[in-house]
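Understanding the architecture of this molecule
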Number of protein chains: 2
Amino acid sequence: MPSNRSPDELPVAAVQFAVGPSKHVNLTRAAELVARAADSGARLVVLPEKFNGFGSPEILRACAEPLESGETVAAMRGWAREHDIFLVGGSITEEHEDGRLTNTSVVFGPEGERLAVYRKIHLFDITVGDEVYRESDVETPGDEIVVVDVDGWSVGISICYDLRFPELYRILMLRGAEVIVVPAAFTLLTGRDHWEVLLRARAVENQCYVVAANECGQRSDGKRTYGRSMVVDPWGTITAQASDGDAVVATRLERSRVDAVRASLPALQHRRESAYVWPEAAVALS
Amino acid sequence: MPSNRSPDELPVAAVQFAVGPSKHVNLTRAAELVARAADSGARLVVLPEKFNGFGSPEILRACAEPLESGETVAAMRGWAREHDIFLVGGSITEEHEDGRLTNTSVVFGPEGERLAVYRKIHLFDITVGDEVYRESDVETPGDEIVVVDVDGWSVGISICYDLRFPELYRILMLRGAEVIVVPAAFTLLTGRDHWEVLLRARAVENQCYVVAANECGQRSDGKRTYGRSMVVDPWGTITAQASDGDAVVATRLERSRVDAVRASLPALQHRRESAYVWPEAAVALS
């Protein structure tokens, strides 16, 4: 019922759950939580990263699907239509015709139409403690930065490890983003020290809302994710947050809040492009 | 006694105090606190922003001085030599030959030699609550990004409001910075919500130390600053922090910590320059 909605407000929800190895189980759980999010009044719903199957490379390959004919894509399309919502389909492992896999977020509109596709630009290859992650062993990165219109709001898309790269968020803001979504599977160890601080910093420095949907719990390969899905406002205040366990984090975004922050503290107009001389070669990394 | 120092460790101190309108009083207080910092073993000492006089435009003009013949510059030179330290002279209001004023940080070496000059690139023109700040009414901005060598450590310079601009810190990191200093006079209202989160984010995303020296207390114009000077390590952990009131925050930086963080979580090597397409015109700000 679009006539009841003000373009100045956008009810949102971030969905958090423990993703397992079974696509069937994950899709069933996601369907329940998306329904709960819609029941809360959300117009924009964000799922976590690789929500239809996460774990070992074998699990990722088993759950991968093409965008054109995949079971998960069909399910998401149905949920968007059924609930009259915009859906950021977290991400799934996308199988391309040439066999490549990517970490791909698909955005659907309330008619079930596909509005945008974002493929994760920064792949997660790290070692923390005794945990090793090698996303690039399985997947190839995307190259395109994506902003999509949701009920008149400009929404920038990012995925998990992208959060460490301020360039991406800066470009999303410069391309008009008032909201940035972050489907994630942030680990317990890095989440404890980096999740909240980076989400809040991205909101503060770009004076936009951040809606972050994380996984929680322990996966079949023993790895734990951090939970604490949250919504951060353009001043950097956490306005809604999940604890541990499956959850729907719902709140309402207000455009007047974006405008007020950007007007009183006009840092976005104080950027000094001419002074930003990017080095040809990075000294630190040579 | 350089022979006793390991290049792998850098003892640092951030000096925090309530800056008033009297240059004489401020310099006396700064001299005491720099001596205390040196006594703690610090090799690099960082003063806060405009530490020789802060307040109304009239106070700033009255305290301004040329770099070549200023009383504050002479004092700083003397402190560096006397204590055998590197000194980031927070900032002062610099008076140029053409009458322009800039917010200028001068770095001295242990022989009293001038090693670097950084002029604040982003000027603070904001309104928060009933407080109005118009730095550009008095000063003109600098254009040059500065990294300086301190006992074999690459130290990037920034000042206060610069903290909101991730581009600057990204470029400092790419130019080799392992430590970034932030002399500041962060206000109570913005400090409460943005000081720690932005300092920690800059450390986490650039995997470098951040040494932030803030003012504290209430100035003669009624404006309050936030205190909480701190040192943040490359993982984003606050390793030393002041409360309110005058303070010297001292700790030891370890290069092995920088190396370990950058090796286990090699995000700096995962930047995707080719994907960072900066818009010609900013949609958000047009």
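Residues numbered from 1 in each chain as written. Chains lettered and ligands numbered in written order. Predicted model: local features only at pLDDT ≥ 70, side-chain atom pairs only at ≥ 80, totals over all residues. Heavy atoms only, no water.

1. Digging into the interface of chain B and chain A
This is how the line gets drawn: It only takes one pair of heavy atoms within 4.5 Å for two residues to be counted as in contact. Summed over both partners, buried area is the accessible surface (1.4 Å probe) that two parts give up on being assembled. By salt bridge we mean one thing: a side-chain nitrogen of Lys or Arg within 4 Å of a carboxyl oxygen of Asp or Glu.
Residue-level contacts link 54 residues of chain B with 54 residues of chain A. Summed over both sides, the interface of chain B with chain A buries roughly 5,000 Å², with 64% coming from carbon and sulfur. The largest share of the area that chain B buries against chain A comes from Trp235, Arg272 and Trp278 of chain B, three residues that together contribute 12% of it. Put simply, chain B and chain A have eight salt bridges between them. For Glu205 of chain A, the salt bridge is made with Arg202 of chain B, and the minimal N-O distance between the two is 2.7 Å.

2. Let's talk about the pairing of strand 10 (residues 153–157) of chain A
Regular strands have side chains that alternate between both faces of the sheet. Residues and elements named next belong to chain A. Test applied: Each residue is placed in one exposure class: buried if its accessible area under a 1.4 Å probe, protein chains only, is under 20% of its type's maximum, exposed if it is over 50%, and partly exposed if it falls in between. Numbering of helices and strands starts at the N terminus; helices are DSSP runs of H or I of at least 4 residues and strands are runs of E of at least 2. A strand pair is defined by DSSP finding two or more bridges across the two strands. Note on handedness: a crossover is taken as right-handed if, strands pointing away from the viewer, the path from the first strand over the helix to the second is clockwise.
Burial of strand 10 is extensive: four of the five residues sit out of reach of the surface. As judged from the four bridges shared by strand 9 (residues 147–150) and strand 10, these two strands associate in the antiparallel manner. Counted as the bridge partner of Val148 is Val155 from strand 10. Viewed along the sheet, the connection from strand 10 through helix 4 (residues 166–174) into strand 11 (residues 179–184) turns out right-handed.

3. Structural notes on the side chain of Ser91 of chain A
All names here are of chain A. Along the chain, Ser91 falls in the loop between strand 3 (86–88) and strand 4 (92–95). On the basis of relative accessibility, which here comes to 0%, the residue Ser91 falls in the buried class. Beyond its immediate stretch of four places on either side in the chain, Ser91 contacts Pro48, Glu49, Lys50, Phe51, Asn103, Thr104, Ser105 and Ile159.

4. Brief notes about the state of the cysteines
Using the following cut-off: Disulfide assignment relies on a single distance test, namely cysteine sulfur atoms paired within 2.5 Å.
What the rule picks out here adds up to zero disulfides over all chains. We note that Cys160 of chain A lacks a disulfide partner, and the nearest cysteine sulfur, in Cys216 of chain A, lies 14 Å from it. Given the relative accessible area of 7%, Cys160 of chain A is considered buried. With no disulfide partner, Cys63 of chain B has as its closest neighbouring cysteine sulfur the one in Cys160 of chain B, 17 Å distant.

5. Details of the relation of the copies chain B and chain A
What counts here: Fitting of the copies onto one another was done by least squares over C-alpha atoms, counting residues only where both copies have pLDDT of at least 70.
Under the fitted operation, chain B is carried onto chain A by 0.0 Å of movement along the axis and a turn of 180°, and the coordinates agree to an RMSD of 0.0 Å. When the rotation and shift are considered jointly, the pair of chain copies conforms to a two-fold rotation axis. When each C-alpha of chain B is compared by its distance to the rotation axis, Val197 of chain B comes out closest, at 2.8 Å. The fraction of interface residues of chain B whose copies in chain A are also interface residues reaches 100%, indicating that both copies meet through the same surface.

6. Quick look at the confidence of the model for chain A
All names here are of chain A. The test is simple: For every residue, the pLDDT score states the predictor's confidence, bounded by 0 at the bottom and 100 at the top.
Here chain A averages 94 in pLDDT, and 96% of its residues register 70 or above. Of the regions scoring below 50 in pLDDT, residues 1–5 engages in four contacts with residues more than four places distant in sequence or in other chains. Across the assembled chains, the prediction reports ipTM 0.96 with pTM 0.96.

7. Here's the deal with unusual backbone geometry
Here Gln207 of chain A, not a glycine, exhibits a phi torsion of approximately 50°, which is positive. By secondary structure assignment, the location of Gln207 of chain A is in the loop between helix 5 (188–206) and strand 12 (209–214). Judged by relative accessible area, which is 2%, Gln207 of chain A ranks as buried. With a phi close to 45°, Lys50 of chain B is a non-glycine residue in the positive phi region. Its location among the elements puts Lys50 of chain B in the loop between strand 2 (44–46) and helix 2 (57–63).

8. Overview of the sheet that holds strand 10 of chain A
Strand pairing within a sheet occurs via backbone hydrogen bonds; the two strands may be parallel or antiparallel. All names here are of chain A. In plain terms, the rule: Under this scheme, a helix contributes an axis fitted over its contacting stretch, all axes are lines through C-alpha atoms, and angles between N-to-C directions fall in the 0 to 180 degree range.
In spatial order, the strands read 9-10-11-12-15-16; together these six strands make up an open sheet with mixed pairing. The open sheet has two edge strands with one neighbour each: strand 9 and strand 16 (238–241). Each adjacent strand pair in this sheet contributes to an overall mean axis angle of 20°, direction not counted.

9. Focus on the packing of helix 1 (residues 23–39) of chain A against helix 3 (residues 71–83) of chain A
All names here are of chain A. Heads up, the condition is: In this scheme, roughly parallel covers angles under 35 degrees and roughly antiparallel covers those over 145, while 65 to 115 is roughly perpendicular and the rest are oblique. The crossing is said to be left-handed when, going from far helix to near helix, the turn is anticlockwise and less than a right angle, and right-handed when the turn is clockwise.
The geometry of helix 1 relative to helix 3 is characterised by a closest axis approach of 11 Å and an angle of 15° between their N-to-C directions. As the angle between them shows, helix 1 and helix 3 are arranged roughly parallel. You can see that helix 1 and helix 3 cross each other, and the crossing is right-handed. Side by side, helix 1 and helix 3 meet where Lys23, Leu27, Ala30, Ala31, Val34, Ala35 and Ala38 of the first sit next to Glu71, Thr72, Trp79 and His83 of the second.

10. Structural notes on the packing of helix 5 of chain A against helix 5 (residues 188–206) of chain B
To keep it simple, the criterion reads: Under the convention adopted here, Pro, Cys and the residues Ala, Val, Leu, Ile, Met, Phe, Trp and Tyr are nonpolar, Asp, Glu, Lys and Arg are charged, and Gly plus all remaining residues are polar.
The interhelical angle for the contact between helix 5 of chain A and helix 5 of chain B, taken along N-to-C directions, is 110°, at an axis separation of 9 Å. Accordingly, the angle class assigned to the pair helix 5 of chain A and helix 5 of chain B is roughly perpendicular. As for the relative orientation of helix 5 of chain A and helix 5 of chain B, their crossing is left-handed in sense. Note on element contacts: helix 5 of chain B touches helix 5 of chain A through Asp193, His194, Val197, Leu198, Arg200, Ala201, Arg202, Val204 and Glu205 of chain B, opposite Asp193, His194, Val197, Leu198, Arg200, Ala201, Arg202, Val204 and Glu205 of chain A. Of the residues in the contact of helix 5 of chain A with helix 5 of chain B, the class split is eight nonpolar, two polar and eight charged.

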